[in-house]
Amino acid sequence: MSKVVEISPTTRHEGHSKLVLKVNDQGIIETGNWCSITPVRGVEKLAVGKTPEQVPKIASRVCGICPIAHNLAATEAMEASIKCEIPKDAKMLRHILQLANRLHSIALHDILILPDLYIPGTEVMINPFTAEEPVRTVAKRIQRLREIGQTVGQIAGGDCIHPRNTRVGGMYRNCSEQAKTKMYDLAKEGLVLAKAQMDFMIAVLRNYQARESVTVGGMKVALPKTLGYHNQGYLATDAFYGSSSLDECPTWDIDRFKEVRPWDWYMGEMEVSLEEPRYPVGGTTKLGTKVNPQMEACTGIPMYDGQPVEVGPRARLVTYKNYDEKGTVGQNIAREMEYTDSLYEMIDCIDALNPDGKVVADYIPDGDGSLGWASNEAPRGTDVHITRVKDWKVQYFSMLVPTTWNFATCSAALTGAPWQLAEVIMRGYDPCVSCATHMIVVDEDNKLVAQKLIQ
Amino acid sequence: MADKITLGYTHLSGCTGCTVALADNYAGLLTLLDRYVDLKYMPTLADVRHVQKVDVSFVEGSCCINDKLAVEELKETREKSTVVVALGGCACYGNITRFSRGGQQNQPQHEAYLPIGDIIKVDVYIPGCAPTPQMIRNVAVMAYLLLKGTKEQKELATAFLKPLMMAAQRGTTACFCELMTEVINQGLCMGCGSCASACPVNAITHEYGKPQGERDLCIKCGACYNQCPRSWFSFDVVENYEAINEAIMAALQ
Amino acid sequence: MGAELGKYKACVSARSTDKEILKHAQDGGIVTSLLGYALDTGIIDGAIVAVNKEFAAKHQSLIMRDNTNWDMVEPWRPFPAVVSTKADLLAAAGTKYNISPNVSMIKEATRSFGLDKVGIVGTPCQMQAVRKLQLYPIGARDVGAAVALAVGIFCMENFPYQSILQLVEDHAAMKMESVKKMEIGKGKFWIYGKRGQVVQLPLKVTHKYEQPGCHVCLDYVANLGDISTGSVGSPDGWSTVFVRSKIGDSVWANAMAAGVFETQPIEKVKPGLELVTKLANEKITKNKNTLEARKTFGVGKALRSPYI
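Residues numbered from 1 in each chain as written. Chains lettered and ligands numbered in written order. Predicted model: local features only at pLDDT ≥ 70, side-chain atom pairs only at ≥ 80, totals over all residues. Heavy atoms only, no water.

Right, let's talk about the overall build of chain A for a bit. When helices and strands are tallied, chain A shows 13 helices and 15 strands. The globule rule puts the C-alpha radius of gyration for 455 residues at 23 Å, and the 22 Å found for chain A is close to it. Once the C-alpha set of chain A is aligned to its principal axes, its extents read approximately 65 × 55 × 35 Å. Among the 455 residues that make up chain A, the fraction classed as buried is 68%. In the form shown here, chain A has an accessible surface area of approximately 14,500 Å², with 52% of it arising from carbon and sulfur atoms. Between the mean site of the 49 positive side-chain charges and the mean site of the 56 negative ones, chain A shows a separation of 3 Å. (Helix = DSSP H or I, 4+ residues; strand = E, 2+ residues; numbered from the N terminus. Rg over C-alpha atoms; globule rule 2.2 N^0.38 Å. Buried < 20%, exposed > 50% of the residue type's maximum accessible area, 1.4 Å probe, protein only. Areas by Shrake-Rupley, 256 points an atom, 1.4 Å probe, with all protein chains shown as cover. Lys, Arg positive; Asp, Glu negative; His and termini not counted. Charge placed at Lys NZ, Arg CZ, Asp CG, Glu CD.)

Next comes the structure, spelled out in structure tokens:
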């Protein structure tokens with residue numbers, strides 16, 4: 001007989017979400033539903049009627065971990081709708097800003113997953129905040145990498161959490177020669193640290209992968225070799241930055257996309273029939289509690305070619321670099337591999353930046369209501385914003401954010417794993433739940449959303 | 001030094017930018033955790049899943065009053081904390097959630113968002129979007145001194161925190177409009193430029209020496225109003241800026 | 001000495017030893033020389049100063065405006081700018097006598113300008129703003145620790161631009177374009193023309209034009225600067241200098257050792273500290289009275305006081 005266990009709220013990621021798991025007698029997940037329970041702030045709806053200048057600033061505040069991706073995707077969607085080409089140096093600044101955010105985000109994610117992992121050769125699970133070595137050195141390195149990322153972002157974009165100097169039509173300011181040098185020095189320092197950090201994390205992840213079992217809240221749990229495997233396919237729009245409907249050859253196709261309500265995908269009302277008080281910390285949901293993912297989920301289910309897909313670092317590596325490792329460990333290792341990559345690319349962009357170049361377009365149209373979209377590769381995956389701007393007012397705004405894609409994909413990846421490791425699989429997606437809490441057009445007749453948009 | 005203070009972190013309808021700001025104390029965060037602060041509850045960073053009894057709670061985000069869970073969590077936070085700090089523009093003033101008006105799938109009824117001060121009593125404000133790592137650090141160190149310090153340290157901490165407590169008492173509205181109504185309209189603005197530099201969306205410029213706010217850009221975070229030296233200013237604290245800065249830096253050495 | 005002059009470690013009468021600076025500067029060339037020295041020696045890597053329209057139009061990357069039609073900008077309007085060379089600093093020298101929101105640049109200086117060590121010049125209220133944002137950095141992330149030198153200038157009150165325009169064009173019957181220098185001293189507002197003419201206006205004429213926000217200010221000699229300076233108290237061509245903070249003390253000692261300034265003991269010069277004290281007390285008393293009057297301004301309604 002299957003039993004139902006619920007882990008709520010899930011921890012060590014952004015936002016509020018929960019896992020509802022139907023498990024067999026051995027505790028192996030038969031069906032897993034991972035869903036957002038973050039209140040829906042309704043950013044896509046409140047955007048309507050506002051100016052295209054303000055909406056990207058609000059979009060940024062949808063998520064404080066990948067705000068840059070939201071801000072840039074929204075800004076560039078506006079530019080795509082009004083058909084505004086921005087100067088090359090503004091593009092360079094945006095690239096630098098975006099890569100800086102990726103650097104900080106990868107480092108932050110290291111802090112979040114380390115408690116699931118072991119110091120190689122020991123049974124000691126890693127507390128990233130302990131003052132003891134070797135962990136303290138690693139924690140300091142992580143924080144320095146984050147500092148480098150945030151400082152570079154601050155220089156290129158005015159501020160690093162929510163960027164201030166991006167604007168429709170380009171950037172408010174270019175950087176001075178002095179600022180360029182500073183970014184350069186920081187990136188070079190970061191490269192050395194990132195290499196060391198990447199090697200460390202990969203070693204720790206490989207060590208985890210080689211284990212027969214792991215301990216969760218005192219319970220010994222067998223570690224399957226296929227932890228986190230799924231067959232949902234991948235979506236990425238660029239190895240680094242993104243794409244937009246202004247591009248000559250866009251890498252995302254709105255016609256291949258549609259979104260449905262969770263009603264079709266999640267389980268209906270059930271009762272919790274398995275409770276585990278040992279599950280850290282505070283135990284799982286009490287026996288007899290009614291759960292209803294269908295009703296409670298705060299996101300929709302986006303699909304590309306009719307199926308949920310995975311987005312994120314592995315999707316980028318698979319799409320652009322023939323990376324081929326499946327599972328949770330493969331996903332985390334892909335993220336680590338983006339460390340150095342993002343710094344090499346950052347250095348190239350800083351090199352290409354001309355501090356004397358102009359950074360605002362000469363002419364910024366008011367918009368005629370055309371559909372425009374832009375994607376930005378957030379640290380945790382493809383972030384697509386779609387908009388229509390007419391007479392300098394936003395008529396329609398929609399955000400298709402990374403973790404929304406990953407909710408359904410990750411739910412599929414839970415199948416076959418011991419339920420105690422569901423959170424480990426989920427964390428592999430580096431979820432950002434606040435931003436995922438959005439849904440595009442309701443799709444009752446299973447009609448293509450894109451058709452509705454284009455009509 | 002005495003033992004650490006316990007800290008909780010309740011995350012409501014915010015974006016986690018405030019959490020990132022806390023983490024952006026970089027090595028200083030590790031020092032804070034080593035010496036002054038025992039992190040009891042913060043689901044974003046650690047595994048404890050339910051609100052705990054603590055000395056100080058940071059609350060990030062505004063509260064959706066149409067979401068039972070959020071309201072319960074907020075009330076529970078108040079009941080279980082000696083000091084509640086509203087962290088960031090959303091918790092203090094609503095910030096972008098002031099614009100929310102519901103109607104979005106999959107929970108179209110999530111319509112009404114309030115700054116936490118409209119639902120519970122809040123002791124200390126840290127406004128700004130995002131709030132700054134240094135401001136969070138200063139409040140954390142001062143909260144420690146207030147609860148665990150010597151008599152002199154308690155006095156210093158009280159003086160330092162007083163304006164932020166008064167900000168919490170003042171109310172749950174602050175944006176560029178308050179800069180107009182409470183400073184410029186009151187004949188207090190002298191054109192220093194603080195507001196423009198504080199604005200996180202470049203909505204403020206200065207025309208002929210006085211602030212010009214682009215109200216269609218303003219996100220209602222309250223940074224400009226609270227950074228203004230003519231919104232509130234404590235001579236007792238600011239005249240000792242050197243000693244206080246040194247004390248904070250020394251605490252983190 | 002009472003609290004009216006703030007805390008200070010030393011007070012002297014000083015002037016720059018650089019003849020070129022003295023030619024451009026307001027009084028003893030203290031601000032320009034000090035920042036120039038700080039730039040040369042790496043104490044700061046850039047400074048926020050008020051520049052004039054001509055400079056701003058020519059160096060738009062150093063200021064914050066966009067969308068400005070420079071043909072429409074009036075002469076003698078100041079703009080805050082971040083300068084990082086001595087030549088630019090020299091071009092900015094001289095008091096502008098109307099509001100330059102210098103603090104508005106303080107965050108950007110550490111961002112797209114790439115400064116690690118910021119110098120800033122400002123009035124007493126701007127020094128208060130800088131200290132507030134160091135202690136309470138609500139919207140000033142990573143700025144406080146980057147402020148490497150804050151130089152305050154004495155200030156009785158400031159004027160909106162249009163006030164200066166009326167004083168010069170109506171009361172003094174001169175064109176703004178032909179003004180070479182403005183100065184407040186010896187109880188008068190002095191306007192010097194480019195062709196050599198000099199007009200003096202009694203201060204009672206200027207009072208009405210003052211910025212209202214100045215009337216609640218309780219600081220005359222920039223108590224919160226690292227170093228603060230102004231002409232009052234020293235002979236013509238010299239400036240009074242207060243060295244206040246640890247930073248100020250070390251910068252001043254090094255600048256003296258490098259021969260940047262010549263000094264005389266403040267006790268030996270006329271009119272000396274006595275006048276500074278008198279004016280400080282006048283300002284503080286007058287403005288405390290204003291604050292008192294604000295409490296009973298309406299019928300059962302007070303005007304706000306910022307001070308807690």
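We now examine the packing of helix H4 (residues 88-113) of chain A against helix H9 (residues 327-352) of chain A. Residues and elements named next belong to chain A. Contact geometry of H4 with H9 gives a least axis separation of 9 Å together with a crossing angle of 155°. One finds that H4 runs roughly antiparallel with respect to H9. The way H4 lies across H9 gives a crossing that is left-handed. In terms of residue class, the contact of H4 with H9 is built from 14 nonpolar, 4 polar and 8 charged. (Axes fitted to C-alpha atoms, helices over the stretch in contact; angles between N-to-C directions. Parallel < 35°, antiparallel > 145°, perpendicular 65-115°, else oblique. Left-handed = near helix turned anticlockwise from the far one by under 90°. Nonpolar A, V, L, I, M, F, W, Y, C, P; charged D, E, K, R; others polar.)

Looking now at the domain arrangement of chain C. All names here are of chain C. Assigned domains of chain C: these are domain 1 (3-158 + 216-295) and domain 2 (159-209). For domain 1 and domain 2, the distance between their C-alpha centres works out to 22 Å. The partner domain 2 presents 14 residues to the 14 residues of domain 1 that form the contact. When the two sides are added together, the surface that domain 1 and domain 2 hide from each other amounts to roughly 1,400 Å², 55% of it contributed by carbon and sulfur. Among the residues of domain 1 in contact with domain 2, Pro75, Trp76 and Tyr97 are the three that bury the most area, contributing 47% of the side total. Taken together, the links from domain 1 to domain 2 amount to 1 salt bridge. (Domains from an automatic or database assignment. Contact = heavy atoms within 4.5 Å. Buried area = accessible area lost by both parts, 1.4 Å probe. Salt bridge = Lys/Arg side-chain N within 4 Å of Asp/Glu carboxyl O.)

Our next topic: the interface of chain A and chain B. Contacts between the two partners involve 68 residues from chain A and, on the opposite side, 53 residues from chain B. Summing both partners gives a buried area of about 5,000 Å² for chain A against chain B, and 56% of it is carried by carbon and sulfur. In terms of surface lost to chain B, no three residues of chain A exceed Arg41, Arg61 and Phe129 of chain A, which account for 14% of the buried area on that side. Where chain A packs against chain B, one counts 5 salt bridges. Between Asp34 of chain B and Arg136 of chain A there is a salt bridge, with its nearest N and O atoms 2.8 Å apart. At the level of elements, helix H1 (43-46), helix H2 (54-60), H4, helix H5 (135-157), helix H7 (293-296) and helix H11 (422-427) of chain A are the ones that each hand at least two residues to the side of chain A that touches chain B. It is H5 of chain A that contributes the most residues to the side of chain A that touches chain B, 7 residues altogether. Its residues placed into classes, the side of chain A that touches chain B shows 29 nonpolar, 21 polar and 18 charged.

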